[in-house]
Amino acid sequence: MKNAEILVQAAGIDDALQDSETAHLVLDVNKVVQSHLVPGLRIETSEEKGGIRAEIRVEDGANIVKRVHLCFGVTQPEAIQRIILNIQIGSEAGIDVLAHCVFPQAVDIEHIMDAEITVGEGSRYSYLESHVHSDDGGLKVLPKARITLGERSRFKTEFQLVRGRVGYMDIDYEAICGEESVLEMLSKISGREDDYIKIREVAFLQGKGARGYLTSRVAVRDRARAEVYNKLVATAAGARGHVDCKEIIKDQGVASAVPVVEVRHPQAHITHEAAIGSVDNKQLETLMSRGLDEDSASDLIIAGLLA
Amino acid sequence: MGILELENVSLVLNNQAILDGITLDIWEGHIHAVVGPNGAGKTTLAAVIMGLKGYEHFGGEIRFDGQSLRGMSVSDRAKAGITMGWQEPARFEGLTVRQFLNASSRNGKDSEIEEAMAQVGLRPEVYLSRAVDRTLSGGERKKVELASILVMKPRLLLLDEPDSGIDVASLENIFNALKQLKRNGATVLLITHSNAVLRQAEHAFLMCCGRQIMKGDIEKILPYFEGECIPCDHKNRPLVETEVPGL
Ligand SMILES: Nc1ncnc2c1ncn2[C@@H]1O[C@H](COP(=O)(O)OP(=O)(O)O)[C@@H](O)[C@H]1O
Ligand SMILES: [Mg+2]
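Caption draft 1: Looking closely at the packing of helix α3 (residues 281-288) of chain A against helix α4 (residues 294-306) of chain A. Residues and elements named next belong to chain A. Between α3 and α4, the least distance of the axes is 9 Å, while the angle of their chain directions is 120 degrees. It follows that α3 is oblique to α4 by the angle criterion. Crossing of α3 against α4: the hand is right-handed. Each of Gln 283, Leu 284, Leu 287 and Met 288 in α3 lies in contact with α4, whose residues at this interface are Glu 294, Ala 297, Ser 298, Leu 300 and Ile 301. Here the residues of the contact of α3 with α4 sort into six nonpolar, two polar and one charged.

Now the structure itself:
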């Protein structure tokens with residue numbers, strides 16, 4: 001089987017990619033192995049030393065109806081994948097991206113992503129990042145994004161680990177939000193054994209009426225550790241935001257949450273909630289009183305939280 | 001012999017006698033009610049029978065089917081057929097009604113899950129995919145709780161204040177579910193403040209200050225709701241319910 005096929009299958013998107021109206025780009029380590037474009041979308045790639053650069057453009061007024069699949073994978077057990085992404089969405093345009101990060105054989109892999117994302121006026125950008133890892137944990141995932149949101153734009157990211165172990169993960173997202181823009185960042189991650197999870201999400205609500213929502217759901221079992229830093233800074237009238245972080249710990253897991261909210265305008269308003277602890281006892285006893293043993297009850301509760 | 005027997009059951013928490021010498025015989029297949037003022041110890045009694053955390057160290061003896069429950073986990077009591085419906089049921093983020101009922105169900109059959117939902121007045125096509133979280137109203141959550149109990153098919157149900165947060169129109173659904181449980185041969189111990197709920201029972205116990213004051217058929221207990229509290233020497237100072245951790 002060719003590497004492209006292996007990755008596409010592991011990501012479970014073989015069918016989607018058959019469709020001629022579905023754009024996609026498949027990278028194996030730092031090489032393009034397959035791509036397909038649709039009108040309104042341009043992708044240019046260039047290989048550079050130790051990495052690959054990809055420029056993605058959505059033209060003004062273009063609405064890419066079908067989800068664009070990006071598949072960033074590594075078929076071999078050891079590699080360094082470094083992707084420099086520059087994404088520019090024109091004005092009054094829209095795109096939904098589904099990024100599959102697939103490392104089914106990872107023993108010692110580093111996945112580095114440096115993204116610069118600009119979303120134009122009145123545009124929509126959604127980015128669902130879905131990871132498939134090995135059960136080894138031999139993986140370092142380092143995604144970094146700097147995001148600029150134009151007036152009235154909507155931006156949404158979601159991070160999920162579908163299969164395998166986290167390994168070492170350090171997410172670093174920072175956004176500057178313009179007038180009446182809406183930003184949502186959602187991450188759901190579960191760590192086991194000696195996994196390490198760090199999430200840093202920061203948004204500056206600089207435009208009038210800008211809104212930002214940072215939500216994290218994390219579970220750590222065994223000796224896994226998680227650190228979540230969420231920060232919202234509001235400097236404009238009518239800016240609104242909410243930080244919501246929930247972490248469940250089991251066994252020797254350790255979790256921390258540092259929500260920072262900063263308001264520098266009397267007409268801005270930000271709230272936050274953070275809860276860290278073991279599985280809620282009343283939830284646990286409810287399920288146990290229906291006949292579940294303690295472990296399956298807590299697994300079900302955690303699965304719900306991460307669903 | 002009753003399916004559940006309490007013999008001189010007592011519970012001390014923070015140096016206070018919360019339950020004091022409770023002796024009860026709960027007959028199999030009957031609906032029983034425990035009534036009494038706020039702070040009487042009704043919810044605590046259910047917690048002790050279910051074996052909830054913090055309520056394990058009771059005095060006296062509790063037997064289910066002639067077997068002592070002492071030292072048994074909540075899960076094992078449930079496997080033996082005991083379950084409980086909370087006054088304020090827990091919320092589960094991200095868990096759908098379907099998943100919750102499926103986990104509670106003895107056999108996981110979709111048809112039984114939908115039937116149970118219909119019995120408590122929840123339309124499956126509307127509610128199966130809803131989350132059992134904050135977005136359900138208090139009354140809806142209570143109905144889901146009852147549906148989860150129906151599909152579990154318990155032999156003994158401890159049901160704490162089933163009508164709280166339930167509108168008058170939905171009360172019939174709750175009573176229907178009770179009848180269904182009885183038809184299935186289940187034994188029910190209702191904990192209640194309400195006259196209407198008490199009337200669903202065949203036998204009742206009146207509690208005050210952790211002690212049982214009176215027991216008998218409901219006609220004997222009903223006057224409690226008309227007059228004031230039946231005289232007893234209130235010894236303890238009951239906490240308000242919101243101060244009770246975890247219940
Ligand atoms: N875990 C606890 N710790 C201390 N006191 C408790 C605890 N649980 C219940 N109590 C006290 O026991 C008494 C009975 O409470 P409860 O059983 O909830 O009464 P009821 O359900 O009849 O209103 C109250 O005074 C309450 O404050
Ligand atoms: Mg009570």
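Caption draft 2: Structural detail: the environment of Glu 158 of chain A. All names here are of chain A. By the secondary structure assignment, Glu 158 is in strand β11 (residues 154-163). Judged by relative accessible area, Glu 158 falls into the partly exposed class, the value being 25%. The sequence separation of Glu 158 and Glu 129 amounts to 29 residues, and the corresponding C-alpha distance is 6.1 Å.

Caption draft 3: Inspection of a nonpolar patch on the surface at higher detail. On the surface, a cluster of nonpolar side chains totalling about 200 Å² of accessible area is made up of Tyr 229, Val 258 and Val 260 of chain A. Tracing the chain through its elements places Val 258 of chain A in strand β18 (residues 254-263).

Caption draft 4: Representation of the interface of chain B and chain A within the structure. Opposite the 29 residues of chain B that make contact, chain A presents 21 residues. When the two sides are added together, the surface that chain B and chain A hide from each other amounts to roughly 2,000 Å², 55% of it contributed by carbon and sulfur. Ranking the residues of chain B by area buried against chain A places Trp 86, Phe 92 and Glu 93 of chain B at the top, with a combined share of 26%. Between the two partners, chain B and chain A, sit four salt bridges. Taking the shortest distance from any N to any O, the salt bridge between Glu 93 of chain B and Lys 246 of chain A comes out at 2.5 Å. Applying the counting rule to chain B against chain A returns 12 residue pairs in polar contact (both at pLDDT 80 or more). Looking at the side of chain B that touches chain A, the elements that each hand over two or more residues are α2 (74-80), β6 (82-85), α3 (97-104) and α6 (138-152) of chain B. Residue classes in the side of chain B that touches chain A are distributed as 16 nonpolar, six polar and seven charged.

Caption draft 5: Molecular detail of a negative patch on the surface. Negative charge collects at one region of the surface, where Glu 121, Glu 151, Glu 179 and Glu 180 of chain A lie side by side. Topologically, Glu 180 of chain A is positioned in the loop between β12 (168-177) and β13 (182-191).

Calculation rules
- Residues numbered from 1 in each chain as written.
- Chains lettered and ligands numbered in written order.
- Predicted model: local features only at pLDDT ≥ 70, side-chain atom pairs only at ≥ 80, totals over all residues.
- Heavy atoms only, no water.
- Axes fitted to C-alpha atoms, helices over the stretch in contact; angles between N-to-C directions.
- Helix = DSSP H or I, 4+ residues; strand = E, 2+ residues; numbered from the N terminus.
- Parallel < 35°, antiparallel > 145°, perpendicular 65-115°, else oblique.
- Left-handed = near helix turned anticlockwise from the far one by under 90°.
- Contact = heavy atoms within 4.5 Å.
- Nonpolar A, V, L, I, M, F, W, Y, C, P; charged D, E, K, R; others polar.
- Buried < 20%, exposed > 50% of the residue type's maximum accessible area, 1.4 Å probe, protein only.
- Patch = residues over 30% accessible without salt bridge, like charges linked within 9 Å, V, L, I, M, F, W, Y side chains within 5 Å.
- Areas by Shrake-Rupley, 256 points an atom, 1.4 Å probe, with all protein chains shown as cover.
- Salt bridge = Lys/Arg side-chain N within 4 Å of Asp/Glu carboxyl O.
- Buried area = accessible area lost by both parts, 1.4 Å probe.
- Polar contact = N/O pair within 3.5 Å; in protein donor to acceptor, adjacent residues only side chain to side chain.
- Lys, Arg positive; Asp, Glu negative; His and termini not counted.
- Charge placed at Lys NZ, Arg CZ, Asp CG, Glu CD.

So far we have only geometry, and geometry alone does not tell us how the molecule works.
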